[in-house]
Amino acid sequence: SAVISQKPSRDICQRGTSLTIQCQVDSQVTMMFWYRQQPGQSLTLIATANQGSEATYESGFVIDKFPISRPNLTFSTLTVSNMSPEDSSIYLCSVRGGGRSYEQYFGPGTRLTVT
Amino acid sequence: GNSVTQMEGPVTLSEEAFLTINCTYTATGYPSLFWYVQYPGEGLQLLLKATKADDKGSNKGFEATYRKETTSFHLEKGSVQVSDSAVYFCALSDPGGGADGLTFGKGTHLIIQP
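Throughout what follows, the structure given in this document is the object of discussion. As the structure is a prediction and not an experimental result, all values here were calculated from the model.

1. Here's the deal with the overall build of chain B
- Within chain B, the secondary structure is distributed over zero helices and 12 strands.
- Put simply, chain B runs from its N terminus to its C terminus through helices and strands in the order β-β-β-β-β-β-β-β-β-β-β-β.
- Radius of gyration (C-alpha) of chain B: 14 Å, near the 13 Å computed for a compact globule of 114 residues.
- When its C-alpha atoms are laid out on the principal axes, chain B stretches across 45 × 30 × 20 Å.

See below:
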């Protein structure tokens with residue numbers, strides 16, 4: 001499985017500001033995914049990021065709020081813009097494993113608190 | 001659309017007890033099924049998987065069988081340990097049904113008491 005790192009691991013931000021989260025993978029991958037895990041809740045897919053094309057957002061998530069970059073096959077960023085306390089969550093990136101099962105492997109997450 | 005339903009927690013058991021965490025799913029295609037585990041203070045780890053009907057995934061003493069007829073993927077372990085205390089998520093992947101990401105259940109918090 002791929003080794004995935006995220007920066008920062010945690011942050012406390014003021015409302016109205018923006019935070020950019022970085023995700024680095026130790027191998028080249030076509031698809032990267034961004035998820036949100038709100039406190040005590042399950043994971044919800046925000047968007048899928050393919051290198052060389054615009055990210056595909058899930059219902060309820062928009063590019064203006066969560067812009068994503070995917071400049072190469074090993075790196076992606078997610079920005080949480082104009083933050084409010086409701087954005088306090090853990091944000092995780094993931095990549096697919098090889099093979100037919102389409103399992104995903106996750107980074108350690110970025111714990112964001114908005115005050 | 002796709003969905004995963006799993007039993008709500010917390011589930012509290014004594015050490016060496018038998019564990020079952022129920023999971024059922026709805027999918028438009030032919031999904032692969034997974035159990036993920038999140039230990040306290042750690043990231044999300046893949047525990048086991050199954051790709052087609054009647055497949056049995058197993059790891060660390062945990063097992064789950066892909067039952068297409070009942071659309072279920074229940075997680076079982078014969079004798080739990082305190083170290084199994086964690087949150088367990090059932091999930092599916094259904095790219096053939098147009099969903100590239102994983103769909104997760106709400107998670108089951110398992111507490112094992114010595």
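2. Some remarks on the interface of chain B and chain A
- The interface of chain B with chain A comprises 17 residues on the first partner and 17 residues on the second.
- Summing both partners gives a buried area of about 1,400 Å² for chain B against chain A, and 57% of it is carried by carbon and sulfur.
- Our count for the contact surface shared by chain B and chain A stands at one salt bridge.
- The partner of Glu-103 of chain A in a salt bridge is Lys-49 of chain B, with the nearest N and O atoms 3.2 Å apart.

3. Some details on unusual backbone geometry
- Cis geometry is adopted by the peptide bond preceding Pro-8 of chain A, which originates at Lys-7 of chain A and carries an omega value of -10°.
- Of note in this structure, Glu-16 of chain B is not a glycine but carries a positive phi near 75°.
- Mapped onto the secondary structure, Glu-16 of chain B falls in the loop between β2 (11-14) and β3 (19-21).
- Positioned with a positive phi, Lys-60 of chain B is a non-glycine residue whose angle comes to about 55°.

4. Observations regarding the sheet that holds strand β9 (residues 75-77) of chain B
Residues and elements named next belong to chain B.
- The strand order β3-β9-β8-β7 describes an open sheet built from four strands, whose pairing is antiparallel. Looking at which strands have only one partner, the edges of the open sheet turn out to be β3 and β7 (56-59). When strand polarity is set aside, the average angle formed by the axes of neighbouring strands in this sheet is 20°.

5. A few points about the environment of Ser-42 of chain A
- Note on placement: Ser-42 of chain A falls in the loop between β4 (31-37) and β5 (43-50).
- Judged by its relative accessible area of 11%, Ser-42 of chain A falls in the buried class.
- Among all residues touching Ser-42 of chain A, those that are not within four sequence positions of it are Arg-36 and Gln-37 of chain A together with Phe-89, Phe-104, Gly-105 and Lys-106 of chain B.
- A polar atom in the side chain of Ser-42 of chain A sits 2.3 Å from the backbone oxygen of Gly-105 of chain B.

6. A closer look at the state of the cysteines
- Counted under the stated rule, the structure contains two disulfides over all chains.
- Bridging Cys-23 of chain B to Cys-90 of chain B, the disulfide has an S-S length of 1.9 Å. Between Cys-23 of chain B and Cys-90 of chain B, the S-S dihedral sits near -70°, and the bridge is therefore left-handed. Taken together, the residues span a long stretch of sequence, with Cys-23 of chain B in strand β4 (residues 23-26) and Cys-90 of chain B in strand β10 (residues 86-94) at a distance of 67 residues.
- For Cys-23 of chain B, a relative accessible area of 1% gives the class buried.
- Residue Cys-90 of chain B is classed as buried on the basis of its relative accessible area of 0%.
- Of the cysteine sulfurs around Cys-13 of chain A, a residue in no disulfide, the closest is that of Cys-93 of chain A, at 17 Å.

7. Some points on the pairing of strand β9 (residues 89-96) of chain A
Residues and elements named next belong to chain A.
- Taken across its eight residues, β9 has eight buried, putting it largely inside the fold.
- Across the two faces of β9 the burial is the same, with Ser-89, Tyr-91, Cys-93 and Val-95 and Ile-90, Leu-92, Ser-94 and Arg-96 all buried.
- Note that β4 and β9 share six bridges and pair antiparallel. Bridging across to β9, Arg-36 finds its partner in Tyr-91.

Conventions we followed
- Residues numbered from 1 in each chain as written.
- Chains lettered and ligands numbered in written order.
- Predicted model: local features only at pLDDT ≥ 70, side-chain atom pairs only at ≥ 80, totals over all residues.
- Heavy atoms only, no water.
- Helix = DSSP H or I, 4+ residues; strand = E, 2+ residues; numbered from the N terminus.
- Rg over C-alpha atoms; globule rule 2.2 N^0.38 Å.
- Contact = heavy atoms within 4.5 Å.
- Buried area = accessible area lost by both parts, 1.4 Å probe.
- Salt bridge = Lys/Arg side-chain N within 4 Å of Asp/Glu carboxyl O.
- Pairing = 2+ DSSP bridges.
- Axes fitted to C-alpha atoms, helices over the stretch in contact; angles between N-to-C directions.
- Buried < 20%, exposed > 50% of the residue type's maximum accessible area, 1.4 Å probe, protein only.
- Polar contact = N/O pair within 3.5 Å; in protein donor to acceptor, adjacent residues only side chain to side chain.
- Disulfide = S-S within 2.5 Å.

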